[in-house]
Amino acid sequence: MWKAIGAFLILFSASMEGTRHAHKIREEYEELQKIRYLISLLKSEICYARSSLEEVFASVAEKCEEPYRNWLLMMRNEMRCKKEKRFVKIWQESADVCLVGLMISRKEKEDLKEVGARLGNLDLKMQIRSLELYEEKVEESLRQIQKQMYTKMRLYYLMGIMGGILTVVLLI
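Residues numbered from 1 in each chain as written. Predicted model: local features only at pLDDT ≥ 70, side-chain atom pairs only at ≥ 80, totals over all residues. Heavy atoms only, no water.

A. Inspection of the overall build of the protein chain at higher detail. From N to C terminus, the protein chain includes six helices and zero strands. Reading the secondary structure of the protein chain in the N-to-C direction produces α-α-α-α-α-α. The C-alpha radius of gyration computed for the protein chain amounts to 22 Å, which surpasses the reference 16 Å derived for 172 residues by more than 25%, pointing to a less compact arrangement than a globule. Counting only C-alpha atoms, the protein chain reaches 70 × 30 × 25 Å along its principal axes. Counting only residues that meet the buried cut, the protein chain has 39% of its 172 residues in that class. Of the roughly 10,700 Å² that the protein chain leaves accessible, carbon and sulfur atoms contribute 59%. Averaged over its 29 positive side-chain charges, the protein chain has a centre that lies 3 Å from the centre of its 25 negative ones. (Helix = DSSP H or I, 4+ residues; strand = E, 2+ residues; numbered from the N terminus. Rg over C-alpha atoms; globule rule 2.2 N^0.38 Å. Buried < 20%, exposed > 50% of the residue type's maximum accessible area, 1.4 Å probe, protein only. Areas by Shrake-Rupley, 256 points an atom, 1.4 Å probe, with all protein chains shown as cover. Lys, Arg positive; Asp, Glu negative; His and termini not counted. Charge placed at Lys NZ, Arg CZ, Asp CG, Glu CD.)

If you want it as structure tokens, here you go:
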């Protein structure tokens, strides 16, 4: 009786571990979709409203959810303070503070920070172009993740179950 309960608990916990890893892939995909949406909002606001970055961040923040709202508002507030900080530094520091819990890869975080290096000191056309280039990078990442997502998720589910079965067999 106790062996059966123990075996069930081991199998259950191992399969939940596989499920947790599978959900990480889905969360990364969803975060990249949110970033794509954010970039498209920034691009359209810069292009059509022709506002300053400070105003763009305030406007786009209203349409975004957390943590992106806090990030945009933090950048707007930093820019209002008129400190001697360059825009690149404001972008990167606020991204480090506000976007710390995002479920995206390190490469994606670095790419997001890199956009700020090109955004702050360019003319309007170049700002839009740099956002378009980053949007294309995000689109490519989304395509790659989507191609692999089903296979990897299925693999994680099976690895969790098989690892649990193996553990149970070894312990019995």
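B. Summary view of the pattern of salt bridges. On inspection of all chains with the given rule, the structure shows 14 salt bridges. Residues Glu54 and Arg80 are paired through a salt bridge, measuring 3.3 Å at the closest nitrogen-oxygen approach. Taken together, the residues Glu54 in helix H2 (residues 53-61) and Arg80 in helix H3 (residues 68-80) connect sequence positions 26 residues apart. Linked by salt bridges that have partners in common, Lys107, Asp111, Glu114 and Lys137 make up one network. (Salt bridge = Lys/Arg side-chain N within 4 Å of Asp/Glu carboxyl O.)

C. Just the packing of helix H1 (residues 2-49) against helix H6 (residues 124-171), in detail. As a packed pair, H1 and H6 sit with axes 8 Å apart at the nearest point and diverge in direction by 175°. Judged by the angle between their axes, H1 and H6 are roughly antiparallel. Of the residues assigned to the contact of H1 with H6, the class counts are 28 nonpolar, 14 polar and eight charged. (Axes fitted to C-alpha atoms, helices over the stretch in contact; angles between N-to-C directions. Parallel < 35°, antiparallel > 145°, perpendicular 65-115°, else oblique. Nonpolar A, V, L, I, M, F, W, Y, C, P; charged D, E, K, R; others polar.)

D. Structural context of the environment of Lys109. Inspection of the secondary structure puts Lys109 in helix H5 (residues 106-119). When the C-alpha positions of Lys109 and Ala22 are compared, they lie 21 Å apart, and in sequence the two are 87 residues distant. Setting aside residues up to four positions removed in sequence, Lys109 forms contacts with Leu99, Val100, Leu102 and Ile104. (Contact = heavy atoms within 4.5 Å.)

E. View of unusual backbone geometry. With an omega of 0°, the peptide bond between Glu66 and Pro67 qualifies as cis. Structurally, the position occupied by Pro67 is in the loop between H2 and H3.

F. Broad picture of H3. With 13 residues, H3 ought to run about 18 Å at 1.5 Å a step, and its terminal C-alpha atoms sit 18 Å apart, in line with that. All buried positions along H3 are accounted for by Tyr68, Trp71, Leu72, Met75, Arg76, Glu78 and Met79. Looking straight down H3, one finds its buried side chains confined to an arc of 165°; they lie on one side. Where H3 is buried, its residues meet H1, H2, helix H4 (87-98) and H5. (Expected span 1.5 Å × (residues − 1). Arc of directions from axis to C-beta.)

G. Summary view of the confidence of the model for the protein chain. Mean pLDDT for the protein chain: 85, with 97% of residues reaching 70 or above. Mean pLDDT values over the elements of the protein chain span from 81, in H4, up to 88, in H6. (pLDDT = per-residue confidence, 0-100.)

H. How the structure looks around the packing of aromatic side chains. All chains considered together, the criterion is met by three aromatic pairs. Taken together, the aromatic side chains of Phe57, Trp71 and Trp91 make up a single cluster linked through ring pairs. (Phe/Tyr/Trp six-rings, centres within 6.5 Å; stacked < 30°, edge-to-face > 60°.)

I. Structural context of the packing of H1 against H3. It is the contact of H1 with H3, at a shortest axis distance of 12 Å, that shows an interaxial angle of 40°. In this structure, H1 meets H3 at a crossing whose hand is right-handed. On H3, the residues that touch Glu31, Lys34, Ile35, Leu38 and Leu42 of H1 are Tyr68, Trp71 and Leu72. Of the residues contributing to the contact of H1 with H3, the split by class is six nonpolar, no polar and two charged. (Left-handed = near helix turned anticlockwise from the far one by under 90°.)

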